[in-house]
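What the coordinates show
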Amino acid sequence: MGKDLRGKELGVGLTQRKDGRYSAKYTAINGKRVEKYFDKITHARRWLNEENHNKNHNIYVDTNITLNTFYEFWVENCKKDIVRDNTLNGYRTQYINHIKPKIGYMKMVDIKPMHCQKILNDMYDSGYAYGTMQLTRITLHAIFKSAIENDYIIKNPVVESVKCKERDQSDRRVLTLKEQKEFLEYASGTMYENAYRLVLQTGMRAGEIGGLKWEDIDYNSGFIHIRRTLLEDSKKGGFYFGQPKSKQSVRDIPMSQECILILKNQKKKQWKIKLRSNKWSERWEGLVFTTKNGNPVGTSTFVNLMNRVVKKINEDRKIEYEENHVEENDRVVFERLYMHALRHTFATRCIELNMNPKVLQKILGHSSFSVTMDLYVHVMDEEKKKEIQKLQMLS
């Protein structure tokens, strides 16, 4: 029986040190003597009880393994060649960029919910989108869940209360009809004009646009067949093709007459670019959208050109505002764009035209109907705001 400094018995494995702290000791399953120090006797007793419980139930918890060490085991042995490549890359991206710098060095048994919440809070403060924060939370939860299944820890610190802060709905960028027209006017003649137009006609994802081949275009049936996505990983030598995001992402998208015209214009444009190129790559022959030398177009390339277009719009707006002496507070800036904003814009136009939500789900390739319905709720809320403003005209 151990005692405190006043001689009071504390129980087996518990003693109080001369500095006032409490020592908890026990012999682990592997025969090693384990000791830990605490400021409060209640904390020491709780820890010792948990450790003895694990020992009695033949649960061996490696108290020294760090999150970095377990992550390397997890990603190589539990996920590689088991999940889709883009899912694996997603885990790696979230871990390397957001998790590893914050808690990767910590022992897994020392990581608490507050550490996980801090990661998500820091991402929010840095301006990350809600979806990106959710992916980080999913990655954290998956890693710790696997650690529990392999008897490295007992509890998952990513508890229900660890949540991502939601941003205003305004963060879901959707072009108004006026903005859509203006953007396309300024994008006219640029390298990837037809890619932007195609997304606005089909709602395809950036990777699906990048991986689209001419063999996927069926003019006879009037459908575009989505069968792959373009991925990029320096460890794999750069660009490569992967499976679409989910089973529902493998789909057939009906083509409008405008969509057919866009693709035929792209065919002519690509032929002219190929004739002018001295370094055309035959390796990627068949892609609908390529660089000037026939290489694949990654999402960042699409976005970079897109925002050069936006920059030009704002430059011209500034000149017009200054010429007309428009006050600073009355000036409107054309906000930055991403390829996903064009996908959201397509969905919004479909909803505004009263498209059946189940049909839209199939076209967009959403794995969950609730994701599609979230778009409907958002658009309907915006419509209600517009309608209620009409009351002001009566007052």
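Residues numbered from 1 in each chain as written. Predicted model: local features only at pLDDT ≥ 70, side-chain atom pairs only at ≥ 80, totals over all residues. Heavy atoms only, no water.

Moving on, we get to the pattern of salt bridges. Where charged atoms of side chains with opposite charge meet at close range, the side chains can pair. For the coordinates displayed, the defined rule picks out 23 salt bridges. Residues Glu215 and Arg228 are paired through a salt bridge, measuring 3.7 Å at the closest nitrogen-oxygen approach. Of this pair, Glu215 sits in the loop between helix 8 (206-210) and strand 6 (217-218) while Arg228 is found in the loop between strand 7 (223-226) and strand 8 (229-233), placing the two residues 13 residues apart along the sequence. For Arg227, the salt bridge is made with Asp252, and the minimal N-O distance between the two is 3.0 Å. On the criterion of sequence distance, the pair formed by Arg227 in the loop between strand 7 and strand 8 and Asp252 in strand 10 (residues 251-254) is long-range, its members being 25 residues apart. (Salt bridge = Lys/Arg side-chain N within 4 Å of Asp/Glu carboxyl O. Helix = DSSP H or I, 4+ residues; strand = E, 2+ residues; numbered from the N terminus.)

Considering the arrangement of structural elements, one finds Ser23 in strand 4 (residues 22-27). Overall, the relative accessible area of 1% leaves Ser23 in the buried class. One polar contact links Ser23 to Glu35, side chain to side chain, over a distance of 2.6 Å. Setting aside residues up to four positions removed in sequence, Ser23 forms contacts with Gly13, Leu14, Thr15, Arg17, Glu35, Lys36 and Tyr37. (Buried < 20%, exposed > 50% of the residue type's maximum accessible area, 1.4 Å probe, protein only. Polar contact = N/O pair within 3.5 Å; in protein donor to acceptor, adjacent residues only side chain to side chain. Contact = heavy atoms within 4.5 Å.)

This next bit is on the sheet that holds strand 3 (residues 14-16). Reading across the sheet, the three strands line up as 3-4-5 and stay open at both edges, with antiparallel pairing between neighbours. Where the open sheet ends on each side, the last strands, each with one partner, are strand 3 and strand 5 (33-38). Strand-to-strand twist of the sheet, defined as the mean angle between neighbouring strand axes without regard to direction, takes the value 25 degrees. As defined by bridge partners, strand 4 adjoins strand 5 across six bridges and the pair is classed as antiparallel. (Pairing = 2+ DSSP bridges. Axes fitted to C-alpha atoms, helices over the stretch in contact; angles between N-to-C directions.)

This next bit is on the side chain of His98. Looking at where His98 falls in the secondary structure, it is placed in helix 3 (residues 85-103). Taking the relative accessible area as the measure of exposure, His98 reaches 8% and is therefore buried. Those residues in contact with His98 that lie beyond four places of it in its chain are Thr93, Ile119, Met123, Tyr128, Thr132 and Thr136.

Per the stated rule, a full pass over the model turns up ten aromatic pairs. Centroid distance Phe38 to Trp47: 5.7 Å. Interplanar angle 45 degrees. Geometry classified as tilted. By relative accessible area, which is 12% here, Phe38 ends up buried. Taken together, a centroid distance of 5.1 Å and an interplanar angle of 65 degrees make the contact between Trp74 and Tyr91 edge-to-face. Pair noted here: Trp74 is in helix 2 (residues 67-79) and Tyr91 is in helix 3, with a separation of 17 residues, a long-range link. A relative accessible area of 13% means that Tyr91 is categorised as buried. Ring pairs connect the aromatic residues Tyr71, Trp74, Tyr91 and Tyr95, which therefore count as one cluster. Taking the ring centre of Tyr37 as reference, the NZ or CZ of Arg17 above it sits at 4.2 Å. (Phe/Tyr/Trp six-rings, centres within 6.5 Å; stacked < 30°, edge-to-face > 60°. Lys NZ or Arg CZ within 6 Å of the ring centre and 35° of its normal.)

Looking at the element boundaries, Val288 is found in the loop between helix 9 (257-276) and helix 10 (299-323). Residues Val288 and Gly211, 77 residues apart in the sequence, show an inter-C-alpha distance of 8.0 Å.

On to the sheet that holds strand 7, then. Read across the open sheet, the three strands follow the order 6-7-10; overall the sheet is antiparallel. The open sheet has two free edges, formed respectively by strand 6 and strand 10, since each of these has just one partner strand.

Turning our attention to the pairing of strand 10. The two faces of strand 10 differ: Arg251 and Ile253 on one face are buried, but Asp252 and Pro254 on the other face are not. Where strand 7 lies against strand 10, four bridges are found, and the strand directions are antiparallel. Counted as the bridge partner of Ile226 is Arg251 from strand 10.

With 49 residues, the main nonpolar core has Phe183, Tyr196, Leu198 and Ile224 as its most contacted residues. Filtering out sequence-adjacent residues up to four positions away, Tyr196 remains in contact with Phe183, Ala187, Phe302, Leu305, Met306, Met339 and Leu342. Counting residues in each nonpolar core, the second largest holds 28 residues, with Leu88, Tyr91, Phe144 and Val158 among its members. (Core = buried A, V, L, I, M, F, W, Y, C linked by side-chain atoms within 4.5 Å.)

Now for the confidence of the model for the protein chain. This prediction gives the protein chain a mean pLDDT of 87; 91% of its residues lie at or above 70. For the protein chain, per-element mean pLDDT is lowest for helix 13 (residues 369-389), which scores 68, and highest for helix 7 (residues 193-202), which scores 97. (pLDDT = per-residue confidence, 0-100.)

Turning our attention to helix 4 (residues 113-125). For helix 4, spanning 13 residues, the distance from its first C-alpha to its last is 18 Å, which sits close to the expected 18 Å at 1.5 Å a residue. Cys116, Gln117, Ile119, Leu120, Asp122 and Met123 are the residues of helix 4 that are buried. (Expected span 1.5 Å × (residues − 1).)

A word on a positive patch on the surface. Residues Lys264, Lys268, Lys272 and Arg276 make up a contiguous surface patch of positive charge. Mapping Lys264 onto the fold places it in helix 9. (Patch = residues over 30% accessible without salt bridge, like charges linked within 9 Å, V, L, I, M, F, W, Y side chains within 5 Å. Areas by Shrake-Rupley, 256 points an atom, 1.4 Å probe, with all protein chains shown as cover. Lys, Arg positive; Asp, Glu negative; His and termini not counted. Charge placed at Lys NZ, Arg CZ, Asp CG, Glu CD.)

A few words now on the environment of Trp271. Note on placement: Trp271 falls in helix 9. For the pair Trp271 and Val34, spaced 237 residues apart in the sequence, the C-alpha separation amounts to 71 Å.

Contact pair helix 11 (residues 339-352) / helix 12 (residues 357-364): the axes reach a minimum separation of 11 Å and the direction vectors enclose 160 degrees. When the axes of helix 11 and helix 12 are compared, the pair comes out roughly antiparallel. Here helix 11 runs over helix 12; the crossing is right-handed. Contact with helix 11, carried on its side by Arg343, Phe346, Ala347, Cys350 and Ile351, involves Leu360, Ile363 and Leu364 of helix 12 and no other residues of that element. (Parallel < 35°, antiparallel > 145°, perpendicular 65-115°, else oblique. Left-handed = near helix turned anticlockwise from the far one by under 90°.)

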